[in-house]
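Structural description and commentary
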Amino acid sequence: MQALDTEVRSFQRTARGLQESIGRVIVGYEEQIRQVVVAMLAGGHCLIEGVPGLGKTRLVRTIAEALELEFSRIQFTPDLMPADITGTTIIHATDTGDRAFRFERGPVFANIVLADEINRATPKTQSALLEAMEEQTVTIARQTYGIQAPFFVIATQNPIEMEGTYPLPEAQLDRFFFKIAVGYPERDDLERILDRTTVGRVPKATRVAERTEIQSMIRLARDVPIAGHVTRYAVDLIKATHPDGADAPDITRRFVRFGASPRAGQALIMAGKVTALMDGRLNVSYDDIREAFSPAVRHRLLLNFEAEADGLTADNILNEIAMKTRPEGGPGG
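In this text, all values refer to a predicted model and were calculated from it rather than measured experimentally. (Residues numbered from 1 in each chain as written. Predicted model: local features only at pLDDT ≥ 70, side-chain atom pairs only at ≥ 80, totals over all residues. Heavy atoms only, no water.)

**Comments concerning the environment of Gly 146**
We apply this condition: Each helix is a run of DSSP H or I of at least 4 residues and each strand a run of E of at least 2, with the numbering of both proceeding from the N terminus. Each residue is assigned to one of three classes by its accessible area relative to the maximum for its type, calculated with a 1.4 Å probe on protein chains only: buried under 20%, partly exposed between the two thresholds, exposed over 50%. Only heavy atoms matter for contacts: two residues are in contact if any of them lie within 4.5 Å across the pair.
Looking at the secondary structure, you find Gly 146 in strand 8 (residues 143–146). Looking at Gly 146, the relative accessible area reads 46%, which means it is partly exposed. Gly 146 sits 117 residues away from Arg 263 along the chain, and the two C-alpha atoms are 23 Å apart. Beyond its immediate stretch of four places on either side in the chain, Gly 146 contacts Arg 105, Phe 109, Gln 136 and Thr 137.

**Comments concerning the packing of aromatic side chains**
Here is the rule: The criterion for an aromatic pair is that two Phe, Tyr or Trp rings (for Trp, the six-membered ring) have centres within 6.5 Å, with stacked assigned to planes under 30 degrees apart, edge-to-face to planes over 60 apart and tilted to the rest.
Tallied over the entire structure, the rule returns two aromatic pairs. When the centroid spacing of 4.8 Å and the interplanar angle of 50° are considered together, the rings of Phe 177 and Phe 178 count as tilted. In this structure Phe 178 comes out as buried when scored by relative accessible area, which is 2%. Here Tyr 233 and Tyr 286 contribute two aromatic rings whose centre-to-centre distance is 5.2 Å and whose plane-to-plane angle is 75°, an arrangement assigned as edge-to-face. Of the two residues, Tyr 233 is situated in helix 10 (residues 228–239) and Tyr 286 in helix 13 (residues 286–297); the sequence distance between them amounts to 53 residues. Comparing Tyr 233 with Tyr 286 shows no difference in burial state: the two are buried.

**Here's the deal with the domain arrangement of the protein**
To be explicit about the condition: An automatic or database domain assignment supplies the start and end points of every domain. Buried area is a sum: the accessible area each of two parts loses on coming together, probed at 1.4 Å, counted once for each and added. We define a salt bridge as a contact between a side-chain nitrogen of Lys or Arg and a carboxyl oxygen of Asp or Glu at a distance within 4 Å.
Parsing the protein into structural domains produces domain 1 (1–78 + 110–200 + 208–223) and domain 2 (225–333). Distance from the C-alpha centre of domain 1 to the C-alpha centre of domain 2: 22 Å. Facing the 28 residues of domain 1 at the interface are 23 residues of domain 2. Summing the contributions of domain 1 and of domain 2, the shared interface buries around 2,300 Å²; its carbon and sulfur component is 62%. A salt bridge links Asp 174 to Arg 300, with the nearest nitrogen and oxygen atoms 2.7 Å apart.

**Looking at the sheet that holds strand 10 (residues 178–181)**
Formally: When DSSP finds two or more bridges between a pair of strands, those strands are recorded as paired. Every axis corresponds to a line fitted to the C-alpha atoms, with the helix fit spanning only the stretch in contact, and the corresponding angles, defined between N-to-C directions, vary from 0 to 180 degrees.
As summarised here, the arrangement of the five strands in space is 3-6-9-1-10, forming an open sheet in which the pairing is parallel. A single partner strand is all that each edge strand has here, and the edge strands are strand 3 (71–75) and strand 10. Taken pair by pair, the neighbouring strands of this sheet meet at an average axis angle of 20°, ignoring direction. The sheet strands contacting helix 2 (residues 30–41) are strand 1 (46–49), strand 6 (112–116), strand 9 (152–157) and strand 10, and the helix crosses strand 10 at an angle near 165°.

**A look at the side chain of Asp 116**
Condition: Counted as a polar contact is a pair of N or O atoms within 3.5 Å, where, for protein atoms, one must be capable of donating a hydrogen and the other of accepting one, and residues adjacent in sequence contribute only when both atoms are in side chains.
The topology assignment puts Asp 116 in strand 6. Reaching out from Asp 116, the side chain makes a polar contact with the side chain of Thr 57 at a distance of 3.0 Å. Among the polar contacts listed, one links the side chain of Asp 116 to the side chain of Arg 73, at a separation of 2.6 Å. The contact partners of Asp 116, leaving out residues within four places of it in the chain, are Thr 57, Arg 73, Ile 74, Gln 75, Phe 76 and Thr 156.

**Observations concerning the pattern of salt bridges**
Summed over all chains, the structure comprises 17 salt bridges. The salt bridge partner of Asp 279 is Arg 34, with a shortest N-O separation of 3.6 Å. Here Arg 34 lies in helix 2 and Asp 279 lies in the loop between helix 12 (262–278) and helix 13, a separation of 245 residues in the sequence. Note on Asp 279: relative accessible area 38%, which makes it partly exposed. Across the pair Arg 175 and Glu 134 runs a salt bridge whose closest N-O atoms are separated by 4.0 Å. Of the two residues, Arg 175 is situated in the loop between helix 7 (170–173) and strand 10 and Glu 134 in helix 6 (residues 130–135); the sequence distance between them amounts to 41 residues. Judged by its relative accessible area of 21%, Arg 175 is partly exposed. One salt-bridge network, in which partners are shared between bridges, spans Arg 34, Asp 279, Arg 281, Asp 288 and Glu 291.

**Quick notes on the nonpolar core**
Burial of nonpolar side chains together is a common tendency in soluble globular proteins. Convention followed: Residues belong to a common nonpolar core when they are buried Ala, Val, Leu, Ile, Met, Phe, Trp, Tyr or Cys residues joined through side-chain atoms within 4.5 Å.
The biggest cluster of nonpolar side chains holds 77 residues, and the ones touching the most others in it are Phe 11, Ile 63, Leu 67, Ile 112, Ile 154, Phe 178 and Ile 289. With ten residues, helix 12 is the largest single contributor of residues to this core. Shared between two domains, this core takes at least three residues from each, and those domains are domain 1 (1–78 + 110–200 + 208–223) and domain 2 (225–333). Beyond its immediate sequence surroundings of up to four residues, Ile 154 is in contact with Val 36, Met 40, Cys 46, Ile 48, Val 60, Ile 63, Ile 112, Val 113, Leu 114 and Ala 115. Residues Ile 85, Val 138, Leu 173 and Phe 176 belong to the second largest nonpolar core, which totals 27 residues.

**Considerations on the pairing of strand 8**
Along a regular strand, successive side chains alternate from one face of the sheet to the other. Sheet topology places strand 7 (residues 137–140) next to strand 8; four bridges connect them, and they run antiparallel. Paired with Val 138 across the bridge in strand 8 is Tyr 145. Where strand 7 folds back on strand 8, the antiparallel hairpin that results is connected by two residues, among which Ala 141 adopts a positive phi of roughly 50°.

Structure below.
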């Protein structure tokens, strides 16, 4: 038991150090930074959405600086091809003068992959990430190549610039653990951003953890126990997003076409376990599940035309669902 307590304290200390290291570079956005850390320590991928100029790419670069992991950036453009991501087989001359095929690995073979402006590439190119995100492998010409763990895809996209963009299909959206919304900074944060970024010496993140430590933290998170009533609460939240469900609230029946998949439930449970460890606990609470509900489900909810006409967002509906879905024994946890 003492060894386990030591592991929990080490997890909490490293996770807190990672957030602080990122926070020395990225002003504000404490909630978004926490969400990225939760997703990574759960072994999941992130989609970060926000208008241009908010520091989305800088946030991902800072995370890579704070971790001793191999980092690569892929700038998605309409002319980007799948082979530009996964790699390709080429013919090369051997030492004996013969010719042979050799696989040249693409930028997806890294621990942290930044898919910058992912919705600017065509669906064919976007789909090149599907196998890597789900199976952590790449298959080229019937040959499968593994990607070294840990493996995180952190994608960014702009929600407002529609010309020349290709919305991500639901199948790919579902593979993202969290969708993280980045908004405009508050007045004080904006002033601090200008002070930090218009001087000669820009702050840098300090290294906090290396690959084996991150892998150990991911394994520890999976071993955290969760009570049956907390799991049932997560199930109730997911079922409440299904418009054809018997217990679906009115707002779901009226505005939702398709609800969240089982992957959303997996994300809720894993995020709850990581959040508990980050707070120094070995038990997952209702609040841990509630905290993960919007980032885990907002991109998995497909709204109907009536919702769009009324100006409703997925977050509006999820907030209402969270209010109406009560856990066993009331609102506590």
